[in-house]
Amino acid sequence: MNPPLIIGAGHNGLTTAFYLARAGLRPIVLERRGIVGGSAITEELAPGYRCPTLAHATGPMRASVVRDMQLEKRGVEFVRPDPRLVALAPDGRALVFSNDISRTTDAIRAFSAKDAERYPDFCATMTRLGRFLGTLLESTPPALDTPAAGELWDLLKTGRQFRALGRQDSFRLLRWGPMAVADLVAEWFETDLLQAAIAARGIFGSAQGPWSAGTGAALLLNTAGDPAPGGSSVMVKGGPGVLTSAMAEAAREAGAEIRTNAPVVRVLARNGHAAGVVLEDGTEIVATSVISNADPRRTLLSLVDPVDLDPGFMIKARNYRCPGTVAKVNLALRALPAFHGVANPGDLRGRVHIGPGIDYLERAFDASKYGEISPEPYLDITLPTLHDPSLAPEGRHVMSVYMQFAPYKLADGQSWADGRRILTANVMRTLERYAPGMEQRVEHCQVITPMDLETTYGLTGGHILHGEPSLDQLFTMRPILGWARYRTPIKGLYLCGAGTHPGGGITAGSGQNAAREIIKDLKR
Ligand SMILES: Cc1cc2nc3c(=O)[nH]c(=O)nc-3n(C[C@H](O)[C@H](O)[C@H](O)COP(=O)(O)OP(=O)(O)OC[C@H]3O[C@@H](n4cnc5c(N)ncnc54)[C@H](O)[C@@H]3O)c2cc1C
């Protein structure tokens, strides 16, 4: 048997490669860039400065993958900062989310005694719901037409776990998923800053605002990985590139071969079965199993020849939505920023949230709906040098600024050459407002637009999650209703990236689930 081919060495592709190799299948990974990691990379930002180029926190990673790949033994140091999140208010105050619920409750009390009283119950509820949803994320979505006996059993087990949630929690789950996350948080809390810090998780990476229906589901699904309000702040010392280098090492050791600078331009199919790939330099590699870590649109609409797919399926693939809304600004700093309301620089070891109210977040989204770059964007900020000073020259820092919303397609034919300038100005103005003196601290600024995410990093539409995490593109519908089990209509062609269930974020969930299904097929 020819070795299976994996297109892309993102963290999901590396995870699939590892499990396939461990099953004795000796996969070959073909990565278009010169480095592995996809969106989970650490690169030089300016001479002497290294930074998480794209993602700066993990989803977090699935514990079983960390264990199986022995990532900690390979030198990966996961950092769980405390406080985990600081939400900045425009009036100069800050709400500090500690890992300790009672300390966070005390911090909330300064804003609202009523909210402080409700916070522990909210945390406990999210933990219970997250635990239930966690089992769904680890399973392969059921086949809709002909579920196998084993799947029916799994569904029955899931039904039992759902009932075990009890009446109140099971009703909450059913009701909250389709809701707008703004309504969900308003049922619990009255403080706008607190509402927004929690709701941001329901819109992270998507083309939706907090008032969009179904953003409740995104919040709930994220709690499965980490139930703490405000989201996962688990980082990797040295940035996510350290993680994916270790993952590549684990995959190689298990028997996978990884080739970089090997862009695939065509997936070959014969008689409805995968037959291999063609690389950009014309090299043809024969294989009966091809697994794509590239996003679903790229795989199905540009790598596969349209004649190999049914027109009905092609229409569904074309309707898969992945309009990017995120940009990244990485800064080399001569000194730490001085954020309003944060007296202790140690409090900046987690994530810093700028998006101080539900209406603020919605307005930031509104702009992107009409092709405009948010004048007041939602920012999620980390300072990786606080965990690893070696990322910058002594006394200097790097700052990783995740920016939402910047639409992939700008209005009125504006080009991203102009867009880049506007985006930089909007981000710097917003930072300056919350950290006066910021601009003087900047030595170097790297701006990555949604267009760069597509052209440099291979993300179609610049979508950081390989497609919208909306209700119609989740679980049995990710990426396409009836094709959520990592297989495609071309036999032997599989998907293993963030465009499959359970979706985006550095979790390795898609890569591990896909490997399980592929190994079942190949061992059959
Ligand atoms: C700016 C940004 C910020 C983010 N922030 C966070 C965060 O803080 N926390 C979090 O958990 N997640 C975050 N994410 C999301 C997270 O990084 C992704 O969901 C996740 O890394 C996707 O992993 P993947 O392996 O599925 O795909 P990718 O990482 O996209 O990897 C796909 C790989 O396939 C390769 N490829 C594509 N086409 C071809 C081809 N034709 N031939 C060969 N190779 C090909 C690509 O080069 C790439 O290496 C962020 C993402 C971005 C872009």
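Before any of the text, the structure's been laid out above.
Residues numbered from 1 in each chain as written. Predicted model: local features only at pLDDT ≥ 70, side-chain atom pairs only at ≥ 80, totals over all residues. Heavy atoms only, no water.

### Brief notes about the packing of aromatic side chains
To keep things clear, this is the line we draw: Only Phe, Tyr and Trp rings take part, Trp by its six-membered ring, and two of them pair if their centres are within 6.5 Å. Stacked means planes under 30 degrees apart, edge-to-face means over 60, and tilted covers everything else. Labels follow the DSSP assignment, with helices taken as runs of H or I lasting at least four residues and strands as runs of E lasting at least two, numbered in each case from the N terminus. Relative accessibility under 20% of the residue-type maximum defines a buried residue, over 50% an exposed one, and the middle range a partly exposed one, all with a 1.4 Å probe and only protein chains included.
Enumeration according to the criterion identifies 12 aromatic pairs in this entry. Here the aromatic rings of Tyr119 and Phe189 are separated by 6.3 Å at their centres, their planes lie at 40°, and the arrangement is tilted. With Tyr119 in helix 4 (residues 113-138) and Phe189 in the loop between helix 7 (181-186) and helix 8 (192-203), this pair connects stretches of sequence that are 70 residues apart. Of the two residues examined, Tyr119 and Phe189, each falls in the buried class.

### Thoughts on empty space enclosed by the protein
It is the rolling of a water-molecule-sized probe over the atoms that shows where space remains empty. To keep it simple, the criterion reads: Site definitions follow a grid-based scheme: protein atoms alone, a 1 Å grid, a 1.4 Å probe that fits but cannot get out for cavities, and for pockets an open set with protein on both sides within 12 Å along at least five of seven lines, plus lining residues having an atom within 4 Å of a point. Grid points are joined across faces, edges and corners, and a volume is the space filled by probe spheres set on the points. Gly is placed with the polar residues, together with every amino acid not listed as nonpolar (Ala, Val, Leu, Ile, Met, Phe, Trp, Tyr, Cys and Pro) or charged (Asp, Glu, Lys and Arg).
Following the criterion strictly, the structure yields 2 cavities of 30 Å³ or more and no others. Roughly 90 Å³ of volume is contained in the largest cavity. Along the walls of the largest cavity sit 15 residues, with His56, Met235, Val236, Gly239 and Pro240 positioned nearest its centre. Residue classes in the lining of the largest cavity are distributed as 8 nonpolar, 6 polar and 1 charged. Counted as a void, the second largest cavity has a volume near 40 Å³. Every residue along the wall of the second largest cavity is listed here: Leu300, Phe313, Pro479, Ile480, Trp483, Arg487, Thr488, Pro489 and Leu495. Grouping the amino acids of the lining of the second largest cavity by side-chain chemistry returns 7 nonpolar, 1 polar and 1 charged.

### Side note on the packing of helix 11 (residues 296-303) against helix 12 (residues 311-319)
We apply this condition: An axis is simply a line fitted to the C-alpha atoms; with a helix, the fit covers only the stretch in contact. Between two such axes, the angle follows the N-to-C directions and lies from 0 to 180 degrees. Orientation categories follow fixed angle ranges, with anything under 35 degrees roughly parallel, anything over 145 roughly antiparallel, 65 to 115 roughly perpendicular, and all other angles oblique. Note on convention: the crossing is left-handed when the near helix lies turned anticlockwise from the far helix by less than a right angle, right-handed when the turn is clockwise. We call two residues in contact whenever any of their non-hydrogen atoms come within 4.5 Å of each other.
The geometry of helix 11 relative to helix 12 is characterised by a closest axis approach of 9 Å and an angle of 140° between their N-to-C directions. The orientation of helix 11 relative to helix 12 falls into the category oblique. Two packed elements cross with a definite hand, and for helix 11 against helix 12 that hand is left-handed. Within the contact between the two elements, helix 11 uses Arg297, Leu300 and Leu301 and helix 12 uses Phe313, Met314, Ala317, Arg318 and Asn319. Its residues assigned to classes, the contact of helix 11 with helix 12 shows 5 nonpolar, 1 polar and 2 charged.

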